[in-house]
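Understanding the architecture of this molecule
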Amino acid sequence: MMMKLSRQFTVFGSAIFCVVIFSLYLMLDHLQLDHTKSPNNGGDKLQNGQLSILQDKIDRLERLLSENNEIIANIRDSVINLKESVKDGRGGLDGGNMSQGHYLELLASPPLVLPIDSQDCQFATREFSKPADGVQLLDVYDLLTFDNHDGGVWKQGFDITYQDNEWDSEPLQVFVVPHSHNDPGWLKTFDDYYRDQTQHILNNIVVKLHEDSRRKMIWSEISYFSKWWDNIDNQKRDAVKSLFEQGQLEITTGGWVMPDEANSHYFALIDQLLEGHQWLERNVGVKPQTGWAVDPFGHSPTQAYLLKQAGLANMLIQRVHYSVKKHFASQETLEFFWRQNWDPASSTDILCHMMPFYSYDVPHTCGPDPKICCQFDFKRLPGGRVNCPWRVPPQPITDGNVQQRVQMLLDQYRKKSKLFRTKVVMVPLGDDFRYAEALEWDQQFQNYQKLFDYMNSHPELHVKAQFGTITDYFNALRKLSIEPGHPSASLPVVSGDFFTYADRDDHYWSGYFTSRPFYKRLDRVLESHLRAAEILYSLTLANIQRFGKLNDFPAVENNRLLTEARRNLGLFQHHDAIAGTGKDMVVIDYGTRCHSDMDTLINHELKGLSFSPRSVVVYNPTEQDRTSVVTVYVNTPHVCVITDHGHPVPAQVSAVWDDSTTASTELSFVAQVPALGLGLYQLSTAVSGGAETAEYVFLRQGGELSVNMKHFTVNIPQDASTPLSIHNPHIQIWSSPTTGLMERLKLKENGSEHQIKVEFAWYGTTSNRDKSGAYLFLPDGEAKMYSPARSPVIRVTKGSVFSEITTSFDHVTHTLRLYNVQGVEGQAVEICNLVDIRREFNHEIAMRLASDVDSKDRFFTDLNGFQIQPRRTMAKLPLQANFYPMTSMAYIQDPGTRLTLLTAQSLGSASLVSGQLEVIMDRRLNQDDNRGLGQGVLDNKVTPSTFRLLLEKRKPSPLSYPSLLSHVSSLYLNHPLISMAVSTEAQSLSLTAFTPLASSLPCDIHLVNLRSIQSKVMLRSTSLQQIRLGCIDLNLPGFISSLFGQNTHSALLH
Ligand SMILES: [Zn+2]
């Protein structure tokens, strides 16, 4: 059960994850670096004996890493080969067109001004027509008192009573649904769990279900199922298929994992769901109908929407706030149609069952009384390894006791049934890693069959009990509630989300929105790189098929490598992985390796620049033509950048800071790259007229300052009392000369000025017995302002490409940056925090924006980067309950202004005071929080977190959606341009730019992915996933068909 949450997933999962990150970086770096780059540096640190058991896997992963290197090399070669085909003359593919004009003219194009206007999005202007019985979760929160009253045997509920004759006319139907919750990584690694438990569970399913056709079982995690499938023979596979055909075995959800619904981005949610569903289609021909999510720590309507769009009809959720459960139970609304907030009709409705009680284990599923229900978990029969904590053990069912045991169990079934609107009740029967041994199967299935046989042969009991799959149950439910003849049992409509989860008392699970933020950031980087590789691969494949050079491109092999990366990303969406709720045994070492390698890989260092030009290829992963800044390390401040057509490019040489005052050099230039295309730039040493060098101002209140840098103009003013200021064509900001932190912001477009103060603050941990841990946030009251022991060094950089103000505090290096670019990149303030709380104990550090926006108690956070959920800060809730997940953005607004914080990593956020937005950046906690992890969170790393801040004018409107500017800024933040330096050997090839699309896609369309699907014959079809941000009715499939020819298979999400 979740009480003993996954420990080692993060251990191994992160290891996989880091290696994939390496791989992707290496893939993308392949052009620049020599081929001997190896990930082995740091490997000798693995001295801890506990770690050695993972060495085999690590070795394997490192092999995978070097294999992954090949994929981008192959794509690169293919792109190079393509140029000949391209030259054959399709106008739209003319690689040179994007840089034929004069560069400065292009730069001077009017800025993209996209004010928030409800006309932006037609769906946003439609009237909401909620049905009369529609329930909004936000309204439920208004209603509830959150008094945590003791409900008796059902501690968090109430007494349930019934009349004996209630089922006389219509018997109670009972579906007992056997299940086994298999975390892909927990106390053991994914592979060790597979070896020790999961494979035996799956093997026993085949044997034990065939013993009796009345037995049923469900399975969720395709990561495990596919691994097992690869290891069994055809005879066993046929036996499995027959179980599917007979309806004894059912795949629920069918995702690669059961994902975290708070921290996962919809890109990754879709990707892992597709990976599972495609595997099922290819291998067993099964299409899941019902979702099963018993363990994620809170539930998001995004997942409901994705399941609906993936063809599922029903779903089940479990971890919902105990007060919400109690309310839904009292209203008999535990079963409902879950509708998207933004859907004015019913097209997004999916039938959802919310489990009423505390947990998904047997004591909390048969009915309200865990002491009774535990006696019907026959794995806990005396003499076994597990028992009943309520001190009354189960008894084997015999002819002598069956009548009495049936009465006890039926009483629970009837009481549970009273919480629902129909006379059919669903009883999950399982727990974590259950049904591994044949004995357990016999204990559960034989004893339950005796109970069922007795019930079903005694008509006076008015009950029909059986094993069922979850879809068996939903089918029966639909018959009784939806089909004609039962109008009284019609089900309500519910909109909203189920965050923030509390399982008891004031134990709110808002800590995991932030725990291990380093990995939450890594996840997003991996997503962006995987998407880039998938799209480049698909474009290459499509073009090669069109121009007939297939033999030059190892499509199948590359697809295999992409699949590996995809599956590793999928595994990381597991609810113990991206959540940051695992053990840190191996994370300690691997995270360090990962981080140090990230440091070297993330900067695309160009050693050995000389007078002969080096080429840099810049990939634009977004679907619009784009003007963005690209930065590479250089070994000289005298650099010149030109396009492949010889036009000079605006560029700036600035310092890379080894510490706050010592530097080497980097080059930033403004690249213009076509949608999904590759741009080409030449870098060389310049005698004169090259990139401008940045100018620096250093300040430190009352402290000596010596700055160690060549090549740059440095100013250390004696009087440091006037506010610091930087600006670009769109924005001017002013910062405090003592802290460097922003205080005011002006929009140049209309001259409006706002107070926006950046602050940092600490949360401590309560002195009560239960303290904050990986899951729980239990602060010691309001945050205390961060006040550094010594005054920080402030560094102001001014340059032609960007300007920034950086403050080096003891725990945070904070940078405010403005890009001197017109359009999207210039319209937001970029905020980078490099956080280091490794010397702290029981502290959490938050960044706060305190503004003059009159937001009152309202704010908005996104869910999975997919949609916006309105929030209300409530005084009746403890502080930690007012924190919500922020996957891609949070904002506050008043009738005239909106302040949006866009984020490049999932973190916990709140707006505790009007005008404030706050985000927790890292947490370091000494102790376990009694949810099974068995440790604190002490493996903190120096963690970068990146944001963009947008201030926008708005017109008053009852509806609230992100503006197009906000969407596009978020996209740019999460998908930066990718630069790849061409190796000196490849310089001899004559490269050209690559422009795959005739034009940008409309700015309100986002191409989620271009993911090639392997057909049985060869790779030829491309699956298109798009999200519509707005209203333009564009025939995108047709558009893409013209690009890909007739083999396009479109899988539109919306
Ligand atoms: Zn779990």
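Relevant structure appears above.
If you're wondering where the values come from, they're calculated on a predicted model, not measured in any experiment.

In terms of residue burial, helix α12 (residues 322-330) counts as a mostly covered element, since 7 of its 9 residues are buried. Of all the positions in α12, only Tyr322, Ser323, Val324, Lys325, His327, Phe328 and Ala329 are classed as buried. In the core, the buried residues of α12 are packed alongside α6 (137-143), β7 (335-339), β8 (350-354) and β11 (493-495). Following α12 by one or two positions, Glu332 has its phi on the positive side, about 50 degrees.

What follows covers the sheet that holds strand β14 (residues 639-643). Strand order in the open sheet formed by 4 strands is β14-β17-β12-β39, with antiparallel pairing between adjacent strands. Two strands in the sheet have a free side with no partner beyond their single neighbour: β14 and β39 (978-981). The sheet shows a mean angle of 30 degrees between the axes of neighbouring strands, taken without regard to direction. Across 6 bridges, strand β12 (residues 614-619) lies against strand β17 (residues 678-685) in antiparallel orientation. Following the sheet pairing, Val617 is matched in β17 by Leu680. Together, β12, β17 and β39 form the strand contacts of helix α17 (residues 517-547), whose direction differs from that of β12 by roughly 95 degrees.

This part covers the side chain of Lys325. Here Lys325 shows up in helix α12. It turns out Lys325 is buried and unbridged, and the closest side chain with the opposite charge, Asp361, is 10.0 Å from it. A polar contact of 2.8 Å, which involves the side chain of Lys325, links it to the backbone oxygen of Gln318. Not counting chain neighbours up to four residues away, the residues in contact with Lys325 comprise Gln318, Val320, Leu334, Met354, Met355, Pro356 and Phe357.

Attention now goes to the coordination of the zinc ion. Here the zinc ion is held by His181 (NE2), Asp183 (OD), Asp295 (OD) and His575 (NE2), and the distances to it run 2.0 to 2.1 Å. Around the zinc ion sit 4 donor atoms, and with donor-metal-donor angles ranging over 92 to 164 degrees the site reads as irregular.

Another point: the side chain of Thr253. Tracing the chain through its elements places Thr253 in the loop between β4 (249-251) and α10 (266-283). Since its relative accessible area comes to 8%, Thr253 is described here as buried. A polar contact of 2.7 Å, which involves the side chain of Thr253, links it to the backbone nitrogen of Trp292. Each residue touching Thr253, except ones within four places of it in the same chain, is listed here: Leu273, His277, Pro288, Thr290, Gly291, Trp292, Gln303, Leu307 and Leu312.

Once that is clear, we can look at the nonpolar core. One finds Phe328, Phe498 and Leu901 to be the most contacted residues of the largest nonpolar core, which totals 115 residues. Excluding residues within four positions of it along the chain, Phe498 makes contact with Leu137, Gly298, His299, Ile317, Val320, Val324, Phe328, Phe336, Trp338 and Met354. With 64 residues, the next largest nonpolar core counts Leu202, Trp279, Cys366 and Ile372 among its residues.

Moving on, we come to helix α20 (residues 964-974). Burial analysis of α20 places 10 of its 11 residues in the buried class, which makes it a mostly covered element. Listed as buried for α20 are Leu964, Leu965, Ser966, Val968, Ser969, Ser970, Leu971, Tyr972, Leu973 and Asn974. Elements in contact with the buried residues of α20: α17, β13 (626-633), β34 (889-893), β35 (897-903), β38 (943-953) and β40 (1005-1014).

What follows covers the packing of helix α8 (residues 222-230) against α10. It is at 10 Å that the axes of α8 and α10 come closest, and there the two elements cross at 30 degrees. Considering their axes alone, α8 and α10 lie roughly parallel with respect to each other. The element α8 and its partner α10 pack so that their crossing is left-handed. Of the residues in α10, those in contact with Ile222, Phe225, Ser226 and Trp229 of α8 are Gly276, Trp279, Leu280 and Asn283. Taken together, the residues that form the contact of α8 with α10 break down as 5 nonpolar, 3 polar and no charged.

All right, on to the state of the cysteines then. In this structure the tally under the stated criterion is 2 disulfides. The disulfide partner of Cys366 is Cys373, and the gap between their sulfur atoms is 2.0 Å. Here Cys366 and Cys373 share a disulfide; its torsion about the S-S bond, -90 degrees, makes the bridge left-handed. Residue pairing for Cys374: its cysteine sulfur links by disulfide to Cys388, the two sulfurs lying 2.0 Å apart. On the sign convention where negative means left-handed, the S-S torsion of about -100 degrees between Cys374 and Cys388 marks this disulfide as left-handed. In this pair, Cys374 sits in the loop between α13 (370-373) and α14 (402-417) while Cys388 sits in the loop between α13 and α14, placing the two residues 14 residues apart along the sequence. Assessed through its relative accessible area of 0%, Cys374 is described here as buried. For Cys388, a relative accessible area of 8% corresponds to the buried category. Cysteines bonded in the chain are numbered consecutively along the chain; their disulfide partners then correspond to 1-2, 3-4.

Further remarks concern the pairing of strand β19 (residues 695-699). Note: β19 against strand β20 (residues 713-715), 3 bridges, orientation parallel. Its bridge partner lying in β20, Val697 is registered against Asn715. As paired strands, β19 and strand β26 (residues 793-798) are joined by 5 bridges and run antiparallel to one another. What sits directly across from Tyr696, in β26, is Thr797.

This next bit is on the packing of aromatic side chains. Across all of its chains, the model carries 49 aromatic pairs by this definition. Judged by centre distance (5.9 Å) and plane angle (75 degrees), the rings of Phe328 and Phe336 are edge-to-face. Look at Phe328 and you get buried, because its relative accessible area is 1%. The buried category is assigned to Phe336, whose relative accessible area is 0%. Taking 5.5 Å as the distance between ring centres and 80 degrees as the angle between the ring planes, the aromatic pair formed by Phe378 and Tyr448 counts as edge-to-face. Pair noted here: Phe378 is in the loop between α13 and α14 and Tyr448 is in helix α15 (residues 438-456), with a separation of 70 residues, a long-range link. For Phe378, a relative accessible area of 0% gives the class buried.

Criteria and thresholds
- Residues numbered from 1 in each chain as written.
- Predicted model: local features only at pLDDT ≥ 70, side-chain atom pairs only at ≥ 80, totals over all residues.
- Heavy atoms only, no water.
- Buried < 20%, exposed > 50% of the residue type's maximum accessible area, 1.4 Å probe, protein only.
- Helix = DSSP H or I, 4+ residues; strand = E, 2+ residues; numbered from the N terminus.
- Contact = heavy atoms within 4.5 Å.
- Pairing = 2+ DSSP bridges.
- Axes fitted to C-alpha atoms, helices over the stretch in contact; angles between N-to-C directions.
- Lys, Arg positive; Asp, Glu negative; His and termini not counted.
- Salt bridge = Lys/Arg side-chain N within 4 Å of Asp/Glu carboxyl O.
- Polar contact = N/O pair within 3.5 Å; in protein donor to acceptor, adjacent residues only side chain to side chain.
- Donors = N, O, S within 2.8 Å, 3.2 Å for Na, K, Ca; no water.
- Tetrahedral: all angles 85-135°; square planar, octahedral: opposite > 155°, others 65-115°.
- Core = buried A, V, L, I, M, F, W, Y, C linked by side-chain atoms within 4.5 Å.
- Parallel < 35°, antiparallel > 145°, perpendicular 65-115°, else oblique.
- Left-handed = near helix turned anticlockwise from the far one by under 90°.
- Nonpolar A, V, L, I, M, F, W, Y, C, P; charged D, E, K, R; others polar.
- Disulfide = S-S within 2.5 Å.
- Phe/Tyr/Trp six-rings, centres within 6.5 Å; stacked < 30°, edge-to-face > 60°.

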